Structures are given as C-alpha cells and as structure tokens.
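Descriptive analysis of the structure
What follows is the residue order along each chain.
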Amino acid sequence: MTNTIHFASPDETDFAQIFSSAGVGIILVNEAGQIEQANPYAEKLFGYSAEELIGFPVEKLLPAHFRSKSIRYREILFRRPEASTNTGGIYHQALRKDETIIPVHITVTRYKHNDSEMLAVFVNRIISQFHDQEQLLMKEQSIRLFMEHTPSAVAIFDKQMRYILVSRRWIEDYQIHTADITGVSHYELFPDVPLRWREFHKRGLAGETLHCEEDSFERLDGRKEWVNWELCPWFTYSGDIGGVIIFSEVITARKQVEEELRKLNEQLEEKIVERTLLLADALDRAYETNEMKSAFVAMASHEFRTPLSAILSSAAIAERYTEVDQQEKREKHFLRIKSSVMHLVDILDDFLSLERLEQGKIRAEKLVFDLEEFMQGIVDEFSEILKKNQVIHHKYSGDAEVLLDKKILRNIMHNLLSNAIKYSDAPIDLKVDVKRQQIRIQVRDRGIGIPAEEQNNIFNKFFRARNAAYIQGTGLGLNIIKNYIDLLGGAIEFSSHEGEGTVFTVTLYSNHGGRQLLIDEAFE
Ligand code: ADP
C-alpha cells in the first residue's frame, strides 16, 4: 500500500494548524529536492529560520556522506510511485545549521499537492530518546570498563552498603576472595570495619562528602593498615541519594617506609647530637689544655724566676770561693742552689700530678700505718721551715692505726701546712681525730685569710687570691689536693676571714672505699 496522504476534507486551516503545532519536524520536499515548506518544529530542530529553509536542498540537512544515497532514494520515490515509503522509518543522523550532528528518526511519505508530487518528511524526536538509552548503555559500559581497569581502589555501594560495582584494585587491596561481591554487604565482608567508618558511611549516605589523607585501622588478625580515602554520595535520576562511592588507597607499605625513614632520621639525629657533644667535649678539652698551657707558661715565667736567679747568683758566688778554707761558704751556696732546684722540681711535680690526676692515671694504694707517728714526722719536717714566731700545735686523738694512701696524705698535709706557714706569721694548730674509721684533719692559721668574694674559686686551677699576689705560689696546690681527696672518697672544706685566718678541714676514711663504704658498713 502506498502511503500517500489524502486529506478527506482539504481544509487548509486545519492542515495549517496541525502543521505548525506538530511535535515532530515536517518538511515538504519537491521533486528537485528543494524544501517547499517546513514547520516550526523542523526550524527549531535544524536551527534554521523558515525563510532559510524554503528552497533549501533537503540533502543539506544530512551529513555529507549520506547525501548521494539520499538523492538516489528520493529519485526512486518520485519515479516509481509503487515504491513503498511505509518502511516504519529509519534511524539517521541530521546536520544542524551550527554543524552539530543529531540522531533522528525519519519517516518519508509521498504527498500530492495541486497535482504536484511532493514528499513529506517527518523528523521525529523519539530518536533522541533512543539515543539517550544508547548513551546510557555506553556510559554504563564505560563505567564498567573504568572500574575494571582503573589503578585506583573504587567501590560503589547502594544505600544498604551493598556492593554494586567494584574495581579490580579494590578486590586486590582488600584481599577479597568472594567470587562475585555484587549485592554483598560491606559489613558482612569486613566485620572488622571500625565503628567510626560506619559513622562516615552514614554521613555519606546522608549527603556529605568526606575524605581523609591518612587513616589507620586494625585488622581482626591484629595487623595495622593505613589508608587514604574519599567518600561521596551518588544520586539517582530522581535526585535521591542512591548510595555512596568510596575511593581508597592502601598506603600501609608507604607508611611503613615513612616510619622506617622517621626512625632512621631519629637515630641519625641522635648520632649527630652524640657526635657533636663528643666533638664539643674534645674541643673543650683542647681549649682547656691550651688554657692550661698558657696558664702554666704565665705561672712558670713568674715562679721560676726567683729560684733560677738564686741558682745563678749562688753558682756565680760559689765559683769565686776557690780557697780551701772557703769550703763552708761554698757549701752554703750549694745548699741554696739545691733548695732552689728542689723548689723548681716541686712546681714541676705539681704540674705533672695535676695532669696525671685529670687523666685518671693515679690510683690510691692504701696500706695500714700509724697515723699519729706519721703526723708527728710531718710536724717535725715542717718545723724546719717555720717563720719566726711560728709554731705548730699538734693534737692527736683516737685510733693511731689507719688504712690510707700514705703518699697522697703526705701531699695533702704538705700543701695545707706550707700554705698555713706561707700565708700567716702566727702559731698554727693541727688537730687530727680518728673515730670509727673517720679521720678528721684540721689545719688552722691566723694569717691573711681568703677574701670572701674569692672563696668560691680557690679550688680552681691556677687561682690565686688578690691578697696573695705578692707571696710566691702557683695556684695549683689546692686544686691537686681536692682531686686527691675526691679520689679517696673524702671531703675538704674551709672557713676563712680576711685578715683573721683560715681553717681547712679534711675528712678521710680509713677503709677501701671512702665515705660510701662507711655508710654501707654501718648498715651491716
Ligand atoms: P698557691 O698557694 O701556690 O698559690 P694553692 O692552690 O695552694 O696555691 O692556693 C690557692 C690560693 O688560695 C692561694 O694563692 C691563696 O690565695 C689562697 N690560699 C690558700 N691557702 C690559704 C691560706 N691558708 N690562707 C690564705 N689564703 C690561702
């Protein structure tokens, strides 16, 4: 059956109304392929005005590669009236004025008007709906392909947190062994999902978009995993929330490397601090050694002058006593030379013991001896060098036998007594008391005393108080005996008033270990 339109009653007004209000594009084409008429819908569809369309070659409304085929088809329709146009239409593409191509559904019908044969072309929007479905299908396929191949871990959930789609990476990252997880609840699959994450899912399902750069959770087997995630809702066509999409990246390996690096850095920093301290210490020591050397040079250049000039002058004088009967005079000067040399040796000894003490090279060697006898010997020795008006009042009480390092004790007594003699002109008291292994030695003089503001420094190396400047000395003695006393586990203290005198009190212990041992023994 031919599909020619015959209006039962050719009412032009009705036709015009249908023509202009139809929800389909209608184009009337003459045998030459020119457009005779086009309705408003067609104008809108193709983007041309009515004036532009009249006389326009209809094939120009098709993409170029369809035109020749269309011309042939049109010719057949006009030449062979029996050719059916009742094809149910075809899905085609149309070219708009702005050169965009749109999918259309076309139906062609022959039409007789004023004895002229025409074609009525109906361009239908229904094609567009079909296209939407096709697009939808394409979109869905792309999403599936994307999910399959994306290097990210992505999962799409419905409102009950059941899996709709999941990327391969997600399956790998979360070590999912279920063959098909579509429709499976996330919480069934991971009963160890932390509560706060369930909370985040709820918030996402309520419309919030959330993300976290670094998050951790503990697996049921106790392993700690780190993830970086983003969660957002997805919407249905009707605008309702259909579920959530979660993008995540398991960053446990990266975190472990970071953690290792952090630990390494910490260790490195500790090492640097340790080495810097060692270096600073070494520098300090080098500086101190340097300081000490310059202090020694300063002291030596001052202190060596007197004995050296004494040696020089006595040697020169002794040289002149050539006669036999001048032996006594010669001896006097030889003695002076000897004592000056001894003094020099003493200074050098002091300096050497100081170095050895500081380097920890000196060890205490304790032995049992009679302290009372020892002290008497020292007092006798020193009475030889007492000044006029000076006398040593020696008082001893308690046990006579002690266990001590004799050499060290001699050094201590030597320093304290020679200072008392040197810095005073009056009698000196020496009190020794031994009680239950504790030895207290007190040396009191009535001399120049130590200025109050300088008392804090007197155990420092090379320190000399201002009121002692004109009296010979090296400033080493007290420092050395303080080191010795520390070595023996004892203590030294003093009390002094300028112009009145000084009392030094030394406490030592007659045992192998000093004060600590005494305390331990008391508890036995
Ligand atoms: P030196 O006596 O050789 O200078 P010391 O180390 O023995 O060195 O003493 C340090 C300083 O302490 C002395 O220079 C002096 O100023 C002060 N001093 C020590 N003993 C006494 C004392 N008995 N009376 C006054 N001052 C003293």
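Everything quoted here is computed from the prediction, not taken from an experiment. (Residues numbered from 1 in each chain as written. Predicted model: local features only at pLDDT ≥ 70, side-chain atom pairs only at ≥ 80, totals over all residues. Heavy atoms only, no water.)

Contact geometry of helix H11 (residues 327-358) with helix H14 (residues 477-487) gives a least axis separation of 10 Å together with a crossing angle of 40 degrees. When the interaxial angle is binned, H11 and H14 end up oblique. Like other packed secondary-structure pairs, H11 and H14 cross with a definite hand, here left-handed. Side by side, H11 and H14 meet where Asp350, Ser353, Leu354 and Leu357 of the first sit next to Asn479, Ile480, Asn483 and Tyr484 of the second. The class makeup of the residues in the contact of H11 with H14 is four nonpolar, three polar and one charged. (Axes fitted to C-alpha atoms, helices over the stretch in contact; angles between N-to-C directions. Helix = DSSP H or I, 4+ residues; strand = E, 2+ residues; numbered from the N terminus. Parallel < 35°, antiparallel > 145°, perpendicular 65-115°, else oblique. Left-handed = near helix turned anticlockwise from the far one by under 90°. Contact = heavy atoms within 4.5 Å. Nonpolar A, V, L, I, M, F, W, Y, C, P; charged D, E, K, R; others polar.)

Neighbouring the ligand are 20 residues; Asn419, Tyr423, Arg464, Thr474 and Leu478 lie closest to it. In the model, an oxygen atom of the ligand is placed 2.8 Å from a nitrogen or oxygen of the Asn419 side chain. Contact with the protein chains removes 98% of the 530 Å² of surface that the ligand exposes when unbound. Only helix H13 (406-422), H14 and strand E17 (501-509) provide two or more residues apiece to the shell around the ligand. Considering only residue class, the shell around the ligand consists of nine nonpolar, eight polar and three charged. (Near = heavy atom within 4 Å. Polar contact = N/O pair within 3.5 Å; in protein donor to acceptor, adjacent residues only side chain to side chain. Areas by Shrake-Rupley, 256 points an atom, 1.4 Å probe, with all protein chains shown as cover.)

Right, let's get into the sheet that holds E17. Pairing in this open sheet of five strands is mixed, and the strands run E12-E14-E15-E17-E16 from one edge to the other. Among the strands making up the open sheet, the edge pair consists of strand E12 (392-398) and strand E16 (491-497). Strand after strand, the sheet turns through a mean of 10 degrees between neighbouring axes, direction not considered. Pairing analysis gives seven bridges linking E12 to strand E14 (residues 428-435), with the strands arranged parallel. Bridged to Gly398 within E14 is Val434. Running over the sheet, H13 touches E12, E14, strand E15 (438-445) and E17 and is turned about 20 degrees from E15. Its contacts with the sheet place H14 against E16 and E17, and it is angled at close to 145 degrees to E16. (Pairing = 2+ DSSP bridges.)

As a further point, take a negative patch on the surface. Together, Asp370, Glu372, Glu373, Asp399 and Glu401 make up a negatively charged patch on the protein surface. For Asp399, the position within the fold is in the loop between E12 and strand E13 (401-404). Classification of Asp399 by relative accessible area gives partly exposed; the value is 45%. (Patch = residues over 30% accessible without salt bridge, like charges linked within 9 Å, V, L, I, M, F, W, Y side chains within 5 Å. Salt bridge = Lys/Arg side-chain N within 4 Å of Asp/Glu carboxyl O. Lys, Arg positive; Asp, Glu negative; His and termini not counted. Charge placed at Lys NZ, Arg CZ, Asp CG, Glu CD. Buried < 20%, exposed > 50% of the residue type's maximum accessible area, 1.4 Å probe, protein only.)

With that settled, consider the pairing of E17. Counting buried positions along E17 gives nine out of nine residues, so the element sits mostly inside the fold. The two faces of E17 match: Gly501, Val503, Thr505, Thr507 and Tyr509 on one face and Thr502, Phe504, Val506 and Leu508 on the other face are all buried. Relative to E17, E15 runs antiparallel, the two sharing eight bridges. Bridging across to E17, Arg444 finds its partner in Val503. Direction of pairing for E16 relative to E17: antiparallel, over a ladder of seven bridges. Looking across to E17, one finds that Ile492 is bridged to Val506. In this structure, the hairpin formed by E16 and E17 is closed by a connection of three residues, where Gly499 is found at a positive phi of approximately 80 degrees.

The phi torsion at Glu99 lies on the positive side, around 75 degrees, for a residue other than glycine. By secondary structure assignment, the location of Glu99 is in the loop between strand E3 (90-95) and strand E4 (101-113). Although it is not a glycine, Met161 sits at a positive phi angle of roughly 60 degrees. Tracing the chain through its elements places Met161 in the loop between strand E6 (153-158) and strand E7 (163-166).

One finds Leu371, Leu409 and Ile441 to be the most contacted residues of the largest nonpolar core, which totals 55 residues. Ranked by the residues each element gives to this core, the list is headed by H13, at eight residues. Three or more residues apiece are contributed to this core by two domains, here domain 3 (266-358) and domain 4 (367-514). Leave out the neighbours within four places in its chain, and Ile441 touches Met375, Leu409, Met413, Leu430, Lys431, Val432, Phe504, Thr505, Val506 and Leu508. Within the second largest apolar cluster, 24 residues are counted, among which are Ala153, Leu205, Phe217 and Val244. (Core = buried A, V, L, I, M, F, W, Y, C linked by side-chain atoms within 4.5 Å. Domains from an automatic or database assignment.)

The N-to-C vectors of H13 and H14 enclose an angle of 145 degrees; their axes lie 10 Å apart at closest approach. Here H13 and H14 pass one another in a crossing that is left-handed. Each of Ile408, Asn411, Ile412, Asn415, Leu416 and Asn419 in H13 lies in contact with H14, whose residues at this interface are Gly477, Leu478, Ile481, Tyr484, Ile485 and Leu487.

Further remarks concern helix H4 (residues 64-79). Look at H4: 24 Å from first C-alpha to last across 16 residues, which is about the 22 Å you get at 1.5 Å a residue. Looking at the packing, one finds that the buried side of H4 touches strand E1 (25-29), E4 and strand E5 (116-124). (Expected span 1.5 Å × (residues − 1).)

Turning our attention to the pattern of salt bridges. Under the defined criterion, the tally for this structure stands at 23 salt bridges. Of the charged contacts, one joins Arg254 and Glu214 as a salt bridge, the two residues approaching to 3.8 Å between their closest N and O atoms. Highlighted residues: Arg254 in helix H9 (residues 252-303) and Glu214 in strand E8 (residues 210-218), separated in sequence by 40 residues. Judged by its relative accessible area of 38%, Arg254 falls in the partly exposed class. Judged by relative accessible area, which is 37%, Glu214 ranks as partly exposed. Between Lys482 and Asp486 there is a salt bridge whose closest N-O contact spans 3.2 Å. You can see Lys482 and its partner Asp486 sitting in helix H14, four residues apart, about one turn around the helix.

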